[in-house]
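Remarks on the overall topology
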Amino acid sequence: MPASPSTARAINDRLALRLLQQEGPLTAGQLKQLTGLSRPTVADLVERLTAAGLITVVGESGEQRRGPNARLYGIVADRAHLAALDVRTGGVFVLVSDLVGRVLAEASVPIDGDTGTGPAVEQAVAAVERTAKEAGAMGAPPREGVRAWGRLHTVGIGAPGLIDPATGDLRDSGGLPEWHRSLAAALHERLPGARVTVENETNLAALAEQREGAARDRDTFVLLWLGHGVGAAVVLDGTLRRGASGGTGEIGFLPVPGTDSLPSARDCDGGFHSLAGAAAIGTLAAQHGLPVPATMDGPGTAMVIREAVAELSGAGADSGAAGAGGERGAGSDASGCERPAGPGGAGFERSIGSGGVGLERFGGPGGTGPEQRAGSGGAGFERSAGSGGVGFERFGGPGGTGPEQRAGSGGTGFEGSAGSDGAGPERPAGVGGPASGRSAERFLHALADRIAIGAASVVAVLDPGCVVLGGEAGQAGGAVLAGLVEERLRRMSPLLTEVRPSTLGGTAVLRGALLTARDRAQDDLFAPQDRN
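Residues numbered from 1 in each chain as written. Predicted model: local features only at pLDDT ≥ 70, side-chain atom pairs only at ≥ 80, totals over all residues. Heavy atoms only, no water.

Okay, the overall build of the protein next. In terms of helices and strands, the protein carries 12 helices and 14 strands. For the protein, the residues scored as buried account for 55% of the 532 residues in total. Of all intrachain contacts in the protein linking residues separated by at least 6 positions in sequence, the fraction that spans at least 24 positions is 65%. Just so you have it, the protein exposes about 20,900 Å², and 52% of that area is on carbon and sulfur atoms. (Helix = DSSP H or I, 4+ residues; strand = E, 2+ residues; numbered from the N terminus. Buried < 20%, exposed > 50% of the residue type's maximum accessible area, 1.4 Å probe, protein only. Contact = heavy atoms within 4.5 Å. Areas by Shrake-Rupley, 256 points an atom, 1.4 Å probe, with all protein chains shown as cover.)

This is the structure we're talking about:
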């Protein structure tokens, strides 16, 4: 059945608006070429969109050209404003943009772990209001049935934990502050007329990597988030998959060899989190004699890995580097296993560069998390090195009965043990001393061993063809760490899998929240009912 004239007009208008969003200002002639529509049809849609206040003339295509086709049309950017939030245990990042995604204002607000739910929510909401006011997005409240021009249209929130697929609400998760779940309702109340949406932070990071980052050429891939905590997001055939309960990718709870216990429904200690979370990576680095910052959060982990990569490449390490693209702060555990920022944490250290998008860095817990113990009496998956160990054995020494038997640190097993006796964790080469190239190499190999365990589990089930190492750690490891993990996956699985480093790092969550807010706002503003 052919489309009605009104439906055909709506389809053409949406197509033209999407092209203007993706390509920037275009002439009528360029719209004709890109859409394949006739010249009269393009002229009609340009007239309709201009009358609706969605596009306007923003310039001309050339100095020597005149006439309608020479006019450049662009989306009216201040038709509506958007807000994006990256919610952490220790605070919140906020940015406000126009309709085409140009950032107008941004801020970071620390929220102490001892702050009550009410005061914490008030601090976060006030931060959004201040940032929106700075961006010029806090005009008079809209009248009923009339959307106010330029006000906040949509607020996108990225938060750790499970999102209920039926209600869109953040579910109660162990270890997460109560104010997280109260924030969306408070924003609804204080920002009348604005649409407020909540999405899991790792899912948003994957959307950002797909649209603007490392996975732009992939319709199917898995993002493995490596920051303060660990998580995964699954994109299959171009669609983000959330699962029956919204928990697809809760890889922090994955039982794995190399830990001394099993995770529980409320605590992912003993799962993959205990191998690849920030605290575990800090412990691993110290065992290899690498300097470790007092605060092992996402940025701290990135610093350790970045310096190890630089040492390995012989380029030297800038110990003060905060990393490209901004860092996510404490409590970035996508699996809901957040660790509250304890006393001594670095707080929200502002490190925004000019034009940066949410590049604040805020600190996390001062603790080191679960230790990786090597005793043979531990419950669950043991890390015993001797031949009599049970479960998933630790295979550092001769006589070990694990999947690989090796004594050297550069081997291909899951852990890079340095000693020949296999007793206990990796044997550091001068703990506390300066990092040597050999220590850095051993650390990176051992880290790749650990990451490959989680990645191989995902690959075996989903066969995504591509794994992006996201978060601060994934970006800091770059091509070196990605290559080591890919090498291990080739040995562990018959499924060909490319491993890539993130290009967005810690900013991916905030960027994903903004992209989601923009899409939803444009779906509303570009809808046919807005243009009679």
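Here the focus is the pairing of strand β4 (residues 91–98). For a regular strand, side-chain orientation follows a simple rule: the groups alternate between the two sheet faces. By the criterion of burial, β4 is predominantly enclosed, with 8 of the 8 residues buried. Side-chain alternation along β4 places G91, F93, L95 and S97 on one buried face and V92, V94, V96 and D98 on a second face that is also buried. Pairing of strand β3 (residues 81–88) with β4, which is carried by 8 bridges, proceeds in the antiparallel orientation. Bridge pairing in β4 links V87 to V92. Turn length for the β3-β4 hairpin, with the two strands adjacent in sequence and antiparallel, is 2 residues. (Pairing = 2+ DSSP bridges.)

As summarised here, the arrangement of the 5 strands in space is β5-β4-β3-β6-β7, forming an open sheet in which the pairing is mixed. A single partner strand is all that each edge strand has here, and the edge strands are β5 (103–110) and β7 (195–200). With strand direction ignored, the average angle separating the axes of adjacent strands in the sheet is 15°. Here strand β6 (residues 152–159) pairs with β7 via 6 bridges, running parallel. Paired with G156 across the strands is T197, a residue of β7. Packed on one face of the sheet, helix α6 (residues 201–212) meets β3, β6 and β7 and runs near 95° to β7. Packing of helix α12 (residues 508–525) onto the sheet brings it into contact with β3, β4, β5, β6 and β7, and relative to β3 it is tilted by some 145°. (Axes fitted to C-alpha atoms, helices over the stretch in contact; angles between N-to-C directions.)

This next bit is on the sheet that holds strand β13 (residues 466–470). What the 5 strands build is an open sheet, ordered β10-β9-β8-β13-β14; its pairing is mixed. Two strands in the sheet have a free side with no partner beyond their single neighbour: β10 (239–241) and β14 (498–501). Strand-to-strand, the axes of this sheet are offset by a mean angle of 25°, without reference to chain direction. Note that strand β9 (residues 230–236) and β10 share 3 bridges and pair antiparallel. Residue pairing for β10: L236 is matched across the bridge by T239. Contacts between α6 and the sheet are confined to β8 (221–226), β9 and β10, with β8 contributing the most and set at about 125° to the helix. The strands touched by helix α10 (residues 437–462) within the sheet are β8, β9 and β13, with β8 carrying the most contacts at an inclination of about 155°.

Attention shifts here to helix α5 (residues 178–190). For α5, spanning 13 residues, the distance from its first C-alpha to its last is 19 Å, which sits close to the expected 18 Å at 1.5 Å a residue. At A184, α5 shows its maximal bend, which comes to roughly 30°. Residues of α5 that are buried in the fold lie against β3, β4, α4 (117–134), β6 and β7. (Expected span 1.5 Å × (residues − 1). Bend = angle between axes of the 7 residues up to and from the residue.)

Further remarks concern the environment of D164. By secondary structure assignment, the location of D164 is in the loop between β6 and α5. Considering only alpha carbons, one finds D164 and A244, 80 residues apart in sequence, at a separation of 9.2 Å. Not counting the four nearest positions on each side in its chain, D164 is found in contact with D169 and R171.

This next bit is on the pairing of strand β2 (residues 71–75). For β2, the buried fraction is high: 4 of the 5 residues fall into the buried class. As judged from the 5 bridges shared by strand β1 (residues 55–60) and β2, these two strands associate in the antiparallel manner. Within the sheet, the bridge partner assigned to V57 lies in β2 and is Y73.

Moving on, we come to the pattern of salt bridges. Taken as a whole and assessed by the stated rule, the structure comprises 21 salt bridges. Across the salt bridge formed by E199 and R242, the nearest N and O atoms sit 2.5 Å from each other. Placement of the pair is E199 in strand β7 and R242 in the loop between β10 and α7 (273–276), with a sequence separation of 43 residues. The shortest N-O distance in the salt bridge between E212 and R511 comes to 2.8 Å. Placement of E212 in helix α6 and of R511 in helix α12 is noted, with a sequence separation of 299 residues between them. E212 sits in the partly exposed class, given a relative accessible area of 28%. Taking the relative accessible area as the measure of exposure, R511 reaches 18% and is therefore buried. In this structure, a network of salt bridges that share partners links the residues D217, R218, E498 and R500. (Salt bridge = Lys/Arg side-chain N within 4 Å of Asp/Glu carboxyl O.)

We now examine the nonpolar core. Grouped together as the largest cluster of nonpolar side chains are 43 residues, with contacts concentrated most on L224, F443 and L469. Elements that contribute at least two residues to this core include exactly β8, β9, α7, α8 (278–287), α9 (298–313), α10, β13 and α11 (471–492). Among the elements that make up this core, the one with the highest residue count is α10 (12 residues). Setting aside residues up to four positions removed in sequence, F443 forms contacts with I281, L284, A285, H288, L290, V304, I305 and A308. Within the second largest apolar cluster, 33 residues are counted, among which are V96, A135, I157 and V196. (Core = buried A, V, L, I, M, F, W, Y, C linked by side-chain atoms within 4.5 Å.)

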